[in-house]
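Residue strings, one per chain:
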Amino acid sequence: MNESDIRVRYAPSPTGYPHVGNIRTALFNWLYAKHSGGSFIVRIEDTDQSRSVEGAIENILESLQWLGIDWDEGPIVGGDFGPYLQSERLNIYQEAVDKLIEQGDAYYCICSPDKLASMRKEQQKLGKPPGYDRLCRSAGHSRKDKSGLNRVVRFATPIEGPPVTTDDLIRGKVNVELPVIDDFVILKSDGFPTYHLANVVDDHHMQISHVMRAEEWLPSTPRHLLLYKALGFDPPIFAHLPMILGSDRAKLSKRHGATTLLEYRDEGYLPEAMLNFLVLLGWSLDDKTEVIPLTELIENFSLSRIGKSPAIFDITKLEWMNGIYIRSMPVEQLAEHIKGYNYHQKKDVSTSLLDNDYIKQIVELVQDRVRKVSSEEIWSLTSFLLVDDLNYSIDLNPKGLGKSETASAIRSVISELESTKDFNVSTLEPSLRELAKELNLSTRHLFGAIRLAVTGSNATPPLFETMVVIGRDRVIKRLHVALAILEEMGSTK
Ligand code: GLU
């Protein structure tokens, strides 16, 4: 096969909003198509109408778009093999069903749900494997019942023969004996195909070369292989992707921090970080490199480096990855995010401070500390830079320094700053170090007192850089306010 003939697909069912696992499947398929110059197709498997969730298709497509995963064929963009919604392809499935019936590879079944339930009970009691007992297989029922309603169609699984072998690129050969496979439904009474039939028919008609999907579908593959054979189609190459587990090795759930993909966007994760994180859930470049830019991923992506063992979803790794991408972002880009937040809604924000130059300075100051690009995170790191007056909610004297000592230190700092002309990092630092010596204070105490007064917090970006961004006048003003508070507290003590 020429590499450019590679056609892969992502075939989500719109039964909910996609989680990391679904999107990881999309990503691997997309990367493989990009790497090989093949095509990536999105097909919506909406044959289970009762489980369809409103807005799910839009959410699926938006999730892909957020990560920059584009598709060559599928919803919105169309393509030569459409329609790409299974609910719009019912006639194609009906044709396949008619062919199977004609060949004697499928039959109409009249067994009611009640009957099937009691069959299952009986099988359980006898310790037999569950499955349809083939009651209608040779009954020759017609397509419609007396009231004109369509009957269910079942596939007539061969009773004897060699085991069905799935030759999986990741898992190797997996054999399943025929007696384990029952006569499964391929067409429901509402005229919709089941997943098995629709999946096989579409993968064939859409000329899919490789089916890369979650491991949970591996047990369905023997059924698919039987259908391919009966329909006279060549099966695609299969690759079942490893499961994703939580850090406690339990099935991934909300408890592990796993939510729908777009919730991560809303929490402040960058798409580049998310994509890099997702690709490492089952694939590796070389067992050690973790930060891999997209161009390198595309260049190096290969099916041979997809692992067999479950991938572990570790939210702290995602946070770490996000930090890495935030730090490598151009300042202007991060500034755009920051400007996007509605600071005007925040109480006390001085709108006069929201100019581009100032925002850029703020970004330079906090870029090393931002973990998520979210308004809450940015606000918690920068609010002291954006308000005119601080609302001190913290003790203004550093640990180990009394209130009156702190007050007198602040007084000296004020006179020092009022008397120095230059207000930049290279002058501030030596002069305040010198002042600490003169006052016989440790720099930890003096700088701690300044930090509390100027920022209202004891965990901030580097002190002198911060003071420069806040600006001399505002720094001195804040020191005065803090001093007044300290003096007042000292006098009431
Ligand atoms: N509709 C199935 C899903 O949502 C697709 C499985 C497959 O790729 O064959 O996972």
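Residues numbered from 1 in each chain as written. Predicted model: local features only at pLDDT ≥ 70, side-chain atom pairs only at ≥ 80, totals over all residues. Heavy atoms only, no water.

(A) Quick peek at unusual backbone geometry. For the bond running from Gly82 to Pro83, omega is -5 degrees, close enough to zero to count as cis. Within the element layout of this structure, Pro83 appears in the loop between α2 (56-67) and α3 (90-103). Despite not being glycine, Arg249 shows a phi value in the positive range, around 65 degrees. Within the element layout of this structure, Arg249 appears in the loop between β10 (244-246) and α7 (261-267). For Asp287, which is not glycine, the phi torsion reads 75 degrees and is therefore positive. Examined against the element boundaries, Asp287 turns out to sit in the loop between α8 (271-279) and α9 (294-300). (Helix = DSSP H or I, 4+ residues; strand = E, 2+ residues; numbered from the N terminus.)

(B) A look at the pattern of salt bridges. All chains considered together, the criterion is met by 24 salt bridges. The partner of Lys317 in a salt bridge is Glu290, and the shortest N-O contact between them spans 2.7 Å. In this pair, Lys317 is assigned in helix α10 (residues 315-327) and Glu290 in the loop between α8 and α9, connecting sequence segments 27 residues apart. (Salt bridge = Lys/Arg side-chain N within 4 Å of Asp/Glu carboxyl O.)

(C) Here's a closer look at helix α5 (residues 195-205). Of all 11 residues that make up α5, 9 are buried, and the element is covered over most of its length. Summarising the contacts, the buried residues of α5 are in contact with β1 (7-10), α3, β7 (185-187), β8 (210-214) and α6 (221-231). Following α5 by one or two positions, Gln207 has its phi on the positive side, about 55 degrees. (Buried < 20%, exposed > 50% of the residue type's maximum accessible area, 1.4 Å probe, protein only. Contact = heavy atoms within 4.5 Å.)

(D) How the structure looks around the site of the ligand. Contacts to the ligand come from Arg9, Ala11, Pro12, Ser13, Glu45, Tyr195, Asn199, Arg213 and Trp217. Contacts to the ligand include Asn199, whose side-chain N or O atom sits 3.0 Å from an oxygen atom. Contact with the protein chains covers 86% of the free accessible surface of the ligand, which is 290 Å². Looking at the shell around the ligand residue by residue, the classes come out as 4 nonpolar, 2 polar and 3 charged. (Near = heavy atom within 4 Å. Polar contact = N/O pair within 3.5 Å; in protein donor to acceptor, adjacent residues only side chain to side chain. Areas by Shrake-Rupley, 256 points an atom, 1.4 Å probe, with all protein chains shown as cover. Nonpolar A, V, L, I, M, F, W, Y, C, P; charged D, E, K, R; others polar.)

(E) Expanded view of the packing of aromatic side chains. On inspection of all chains with the given rule, the structure shows 7 aromatic pairs. Ring centres of Phe155 and Phe184 lie 5.3 Å apart, and the angle between their planes is 35 degrees; this geometry places the pair in the tilted category. Remark: Phe184 occurs in the loop between β6 (172-176) and β7 and Phe155 occurs in strand β4 (residues 152-155); sequence separation between them is 29 residues. Of the two residues examined, Phe155 and Phe184, each falls in the buried class. Aromatic side chains Tyr195 and Trp217 sit 4.4 Å apart centroid to centroid with 45 degrees between the ring planes, which places their arrangement in the tilted category. (Phe/Tyr/Trp six-rings, centres within 6.5 Å; stacked < 30°, edge-to-face > 60°.)

(F) Representation of the packing of α3 against α5. α5 packs onto α3 with a crossing angle of 105 degrees between their chain directions and a minimal axis gap of 10 Å. Relative to α5, the element α3 lies roughly perpendicular. On the side of α3, the interface is formed by Ile92, Tyr93, Ala96, Val97 and Leu100, while α5 contributes Leu197, Ala198, Val201, Asp202 and His205. Of the residues that constitute the contact of α3 with α5, the class distribution is 8 nonpolar, 1 polar and 1 charged. (Axes fitted to C-alpha atoms, helices over the stretch in contact; angles between N-to-C directions. Parallel < 35°, antiparallel > 145°, perpendicular 65-115°, else oblique.)

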